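# Architecture and fold: a report
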Amino acid sequence: MTRLSMHEQLPFDEDATASPISTGDLPQAEEVRAVVTEAYERYRSNGDGEVADYIPVLAQASPDWFGISVVGARGKSFEIGDVAVTFSIQSVSKPFVFALVCEALGYGEARRRLGVNSTGFPFDSLMAVELNTDRTMNPLVNAGALAATSLAPGATAQEKWELIRQGMSRFAGRELSVDEQVYASESATNLRNQGIAHLLESYGRLYFDPDEATDIYTRQCSLDVSVHDLAVMAATLANGGVNPVTGDVVVGRGVCRRVLAVMATAGLYELSGDWLYEVGMPGKSGVSGGIVTVAPGKGGLATFSPPLDPAGNSVRGQLATKYLAERLGLNLFASVAASRDRGTS
Ligand code: GLN
């Protein structure tokens, strides 16, 4: 492979380089609170999208549920709406499991094993596996996510699962547990994911028993969270891998920025380009209606609202996040012309 040399980790200690943060702070607390409230009021009556039902129990979710949470890099939070409702994390688990795998294996090795490019296909695509000779393209769609889960450290399924559950809990700053009803419902219907896992095994791109890996992945997707938990998890990725509420160093900052890069590339599946074009930040969605978005150095945003667009991304969540990104000045690609008499460069 010609790309091999690019796959190496940096030969110097990037954690020793000065001031690696490219952006400033969130606006003042009052302004954040006001903008979060505006975003909620603006989109709460939007009736577009469909609640997922391919995992039967998810169909019981109310299409009216809508919550927004913002957690700053110093741990301050602002939230509104259905913040007390808990739901299964689903695909929003994927970047966090990838982060744990990068932490254990090194982000260079994780890239070699999983890939970091977008597929352009839906999240549960088998075609993406068949058409790309690398087989797993990135850890944020089901194929790469199953492979990432299979790479979690541990000799047994139980050890791998505990590592994932504990790692995710550290991102959230509290002990997370499985919603057994969701786990049972998805376990009874996840033949497609089992198929993907077996297909990957046939190509040597799954790193544990395919049925056990699918089971751990299904548990990981069934972890029960609130929109506040998701915002704390996102804020940890916004804060160099340190949970801003607990102070826990969950992953290194070198890992953190690679995870954000993959989220920018593939976090909203085949609509990731549209997302980046409009929001300008790494994000990750899930079929139960959660979206996390990361403003590096500033904070984490999370939205929860079950009705989804055809790609499986929350409709209200996307609208509210775009509004917040714009009004809070979070788009990473935005700049204004520098004054000529300021600074030296
Ligand atoms: N557990 C779900 C699945 O594998 C997660 C998918 C998602 O949230 N997009 O189908």
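Being a predicted model, the structure only gives us computed values, none of them experimental.

A few words on the pairing of strand S6 (residues 290–295). Burial analysis of S6 places six of its six residues in the buried class, which makes it a mostly covered element. Every second residue of S6 is oriented toward a common face, with Gly290, Val292 and Val294 on one face and Ile291, Thr293 and Ala295 on the other, all of them buried. As judged from the three bridges shared by strand S5 (residues 283–285) and S6, these two strands associate in the antiparallel manner. From the neighbouring strand, Lys284 faces S6, where its bridge partner is Val292. Following S5, the chain reverses through four residues before pairing antiparallel with S6; Gly289 in that reversal takes a positive phi of roughly 115 degrees. Note that S6 and strand S7 (residues 299–304) share six bridges and pair antiparallel. Paired with Thr293 across the strands is Leu301, a residue of S7.

With that out of the way, let us pick up the pattern of salt bridges. Enumeration according to the criterion identifies 12 salt bridges in this entry. Residue Arg170 pairs with Asp248 through a salt bridge whose shortest N-O separation is 2.8 Å. In this pair, Arg170 sits in helix H6 (residues 157–172) while Asp248 sits in the loop between helix H10 (227–238) and helix H11 (253–266), placing the two residues 78 residues apart along the sequence. In this structure, Arg219 engages Asp215 in a salt bridge whose closest nitrogen and oxygen atoms are separated by 3.3 Å. One end of the pair is Arg219 and the other is Asp215, both in helix H9 (residues 210–221) and four residues apart, which spans about a single turn.

Scanning the entire structure with this criterion turns up seven aromatic pairs. Taken together, a centroid distance of 6.3 Å and an interplanar angle of 75 degrees make the contact between Tyr43 and Tyr323 edge-to-face. Within this pair, whereas Tyr43 is found in helix H1 (residues 29–43), its partner Tyr323 is found in helix H13 (residues 315–327), the two being separated by 280 residues in sequence. Look at Tyr43 and you get buried, because its relative accessible area is 16%. With a centroid separation of 6.2 Å and an interplanar angle of 45 degrees, the aromatic rings of Tyr54 and Phe123 are classed as tilted. Of this pair, Tyr54 sits in the loop between H1 and strand S1 (67–72) while Phe123 is found in the loop between helix H3 (107–114) and helix H4 (127–131), placing the two residues 69 residues apart along the sequence. According to the relative accessible area criterion, Phe123 is buried, its value standing at 11%. In this structure an aromatic cluster arises from ring pairing among Tyr54, Phe123 and Tyr269. One Lys or Arg, Lys160, reaches over the ring of Phe208 and ends 4.6 Å from the middle of that ring. Positioned above the aromatic ring of Phe66, the side-chain terminus of Arg316 is 5.7 Å from the ring centre.

It is worth spelling out the packing of helix H12 (residues 272–279) against H13 at this point. The contact between H12 and H13 brings their axes to 9 Å, and the two run at 35 degrees. In this structure, H12 uses Trp275, Glu278 and Val279 to contact H13, whose residues at the interface are Gln318, Thr321, Lys322 and Ala325. Along the lines of polarity and charge, the residues of the contact of H12 with H13 split into three nonpolar, two polar and two charged.

Below, the discussion takes up the confidence of the model for the protein. Averaged over the protein, the pLDDT score is 92; the fraction of residues at 70 or greater is 92%. Low confidence marks residues 1–5, where pLDDT is under 50. Its contacts with residues over four positions away, or in another chain, come to four contacts.

Right, let's get into the nonpolar core. Of all hydrophobic cores here, the largest spans 65 residues; its most connected members are Met168, Phe171, Leu230 and Leu237. Among the nonpolar cores identified, the runner-up in size contains 26 residues, and Tyr40, Leu268, Trp275 and Leu328 belong to it.

Here we come to unusual backbone geometry. At Gln90, a residue that is not glycine, the phi angle is positive and equals roughly 50 degrees. Among the structural elements, Gln90 can be located in the loop between strand S3 (87–88) and helix H2 (93–105). Since its relative accessible area comes to 2%, Gln90 is described here as buried. The backbone of Arg135 sits at a positive phi, close to 70 degrees, despite the residue not being glycine. Secondary-structure assignment places Arg135 in the loop between H4 and helix H5 (142–150). Relative accessible area serves as the criterion here: at 16%, Arg135 is assigned to the buried category.

Thresholds, definitions, all that
Residues numbered from 1 in each chain as written. Predicted model: local features only at pLDDT ≥ 70, side-chain atom pairs only at ≥ 80, totals over all residues. Heavy atoms only, no water. Buried < 20%, exposed > 50% of the residue type's maximum accessible area, 1.4 Å probe, protein only. Helix = DSSP H or I, 4+ residues; strand = E, 2+ residues; numbered from the N terminus. Pairing = 2+ DSSP bridges. Salt bridge = Lys/Arg side-chain N within 4 Å of Asp/Glu carboxyl O. Phe/Tyr/Trp six-rings, centres within 6.5 Å; stacked < 30°, edge-to-face > 60°. Lys NZ or Arg CZ within 6 Å of the ring centre and 35° of its normal. Axes fitted to C-alpha atoms, helices over the stretch in contact; angles between N-to-C directions. Contact = heavy atoms within 4.5 Å. Nonpolar A, V, L, I, M, F, W, Y, C, P; charged D, E, K, R; others polar. pLDDT = per-residue confidence, 0-100. Core = buried A, V, L, I, M, F, W, Y, C linked by side-chain atoms within 4.5 Å.

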